[in-house]
Amino acid sequence: MNFSLILLNNNNPFFVHFYFPFFIHFYVDFYTWEVGELPKARIRYNGKSNNVKFNGVITSDYDIELTDNNPLQKRLFTYDGNLTIFSKSNIYINTRIVPYKTLLNVSFDLNKEISLEKTEEIKNFVLNNEDSSLDLVAKNDVIIRSNKDFSRINNHKIFANIYSFNGSFRVEDYQNGQKNKQLFIFGSIMQRKRGPVGLVGQYVPGYYKFYVHDSRALLGRIGTNATPSKKQSIMILYLENVINRG
């Protein structure tokens, strides 16, 4: 079942598409999103719900984990629109992340490595046709999650701009587990110090890097008003204040 979150960006509605059920996990609390009447979205927490206006920015004081309930190798988060997720702590990634339009129009196997030839096809489509973007912004680290027995998504794919202000973009427990093959990043990475994603060698744990720069960010063609490269202020939706927990 496909799930769509209605958002509001500069008074224009757009959608973020999830494979249901999809959760944005704030470490100890689960928030779920429901489609509401424009320009409202609905946030549900512990049986309570509120209608809120939403401009495409999610922020939290706590760790944020992007994940779902599908088997590990089938997890997928797709988005359509400009979305920024900001944590004052860390962001954990435990799902593949691909823009919806690119997924529909460019044929590639999510479970296999991306070839150089396929990379050119993806790049040409994104630069000429894709108008969606995702910014993952953490005060500390952006981390690819390692699960039980150090299992991770093989041939990982992340289409996003990644910002780690005080830390790194890295793989959790990268030195343990199995070889996970390719880590394909289409976007950009800003980090205070370079983080490890795997060990060097033929049969060693972790990933080998395959990074493709998304030049749309430098040209100002993508990103929400809250992207760190922007020079203006904006009111953002702060999730700690959305639900009355009393």
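Residues numbered from 1 in each chain as written. Predicted model: local features only at pLDDT ≥ 70, side-chain atom pairs only at ≥ 80, totals over all residues. Heavy atoms only, no water.

> What is the right way to read the overall build of the protein chain from this model?
Helix and strand counts for the protein chain come out as two helices and 19 strands. Classification of the 246 residues of the protein chain by burial places 52% in the buried group. Residue pairs in contact within the protein chain that sit at least 24 positions apart in sequence constitute 74% of those at least 6 positions apart. Total accessible area computed for the protein chain in this model is approximately 12100 Å², and 48% of it derives from carbon and sulfur atoms. (Helix = DSSP H or I, 4+ residues; strand = E, 2+ residues; numbered from the N terminus. Buried < 20%, exposed > 50% of the residue type's maximum accessible area, 1.4 Å probe, protein only. Contact = heavy atoms within 4.5 Å. Areas by Shrake-Rupley, 256 points an atom, 1.4 Å probe, with all protein chains shown as cover.)

> Honestly, the nonpolar core in this entry has me stumped. Any pointers?
Soluble globular proteins tend to pack their nonpolar side chains together in the buried interior. Of all hydrophobic cores here, the largest spans 40 residues; its most connected members are Ile97, Ile122, Leu134 and Leu136. The contacts of leucine 136, once residues within four sequence positions are left out, are Leu66, Ile85, Ile91, Ile93, Ile97, Val142, Ala160, Asn161, Ile162 and Tyr163. (Core = buried A, V, L, I, M, F, W, Y, C linked by side-chain atoms within 4.5 Å.)

> Could you clarify how one ought to interpret the side chain of asparagine 180 in this entry?
If you trace the backbone, asparagine 180 turns up in strand β17 (residues 179-191). Look at asparagine 180 and you get buried, because its relative accessible area is 2%. Among residues more than four places away in sequence, those in contact with asparagine 180 are Arg152, Ile153, Asn154, Asn155, Gly206 and Tyr207.

> Teacher, can you tell me more about the environment of glutamine 182 here?
Within the element layout of this structure, glutamine 182 appears in strand β17. Considering only alpha carbons, one finds glutamine 182 and isoleucine 153, 29 residues apart in sequence, at a separation of 9.9 Å. Non-local contacts of glutamine 182, meaning those with residues more than four positions away in its chain, are made with Glu113, Ile114, Asn155, His156, Tyr207, Tyr208 and Phe210.

> Mind showing me how you'd approach empty space enclosed by the protein here?
Empty pockets left among the atoms are what a rolling probe the size of a water molecule brings to light. Tallied over the full model, the rule gives two cavities of 30 Å³ or more. Reported here for the largest cavity is a volume of approximately 70 Å³. Lining the largest cavity are 14 residues, with Tyr79, Phe159, Ala160, Asp214 and Arg216 sitting closest to its centre. Elements with a minimum of two residues in the lining of the largest cavity: β13 (133-138), β15 (156-164) and β17. Looking at which element gives the most residues to the lining of the largest cavity, the answer is β15, with three residues. When the residues that make up the lining of the largest cavity are grouped by side-chain class, the tally is eight nonpolar, four polar and two charged. (1 Å grid on protein atoms, 1.4 Å probe; cavity = no way out; pocket = protein on both sides within 12 Å on 5 of 7 lines; lining within 4 Å. Points joined across faces, edges and corners; volume = space filled by probe spheres on them. Nonpolar A, V, L, I, M, F, W, Y, C, P; charged D, E, K, R; others polar.)

Keep in mind these numbers describe shape, not what the thing actually does.
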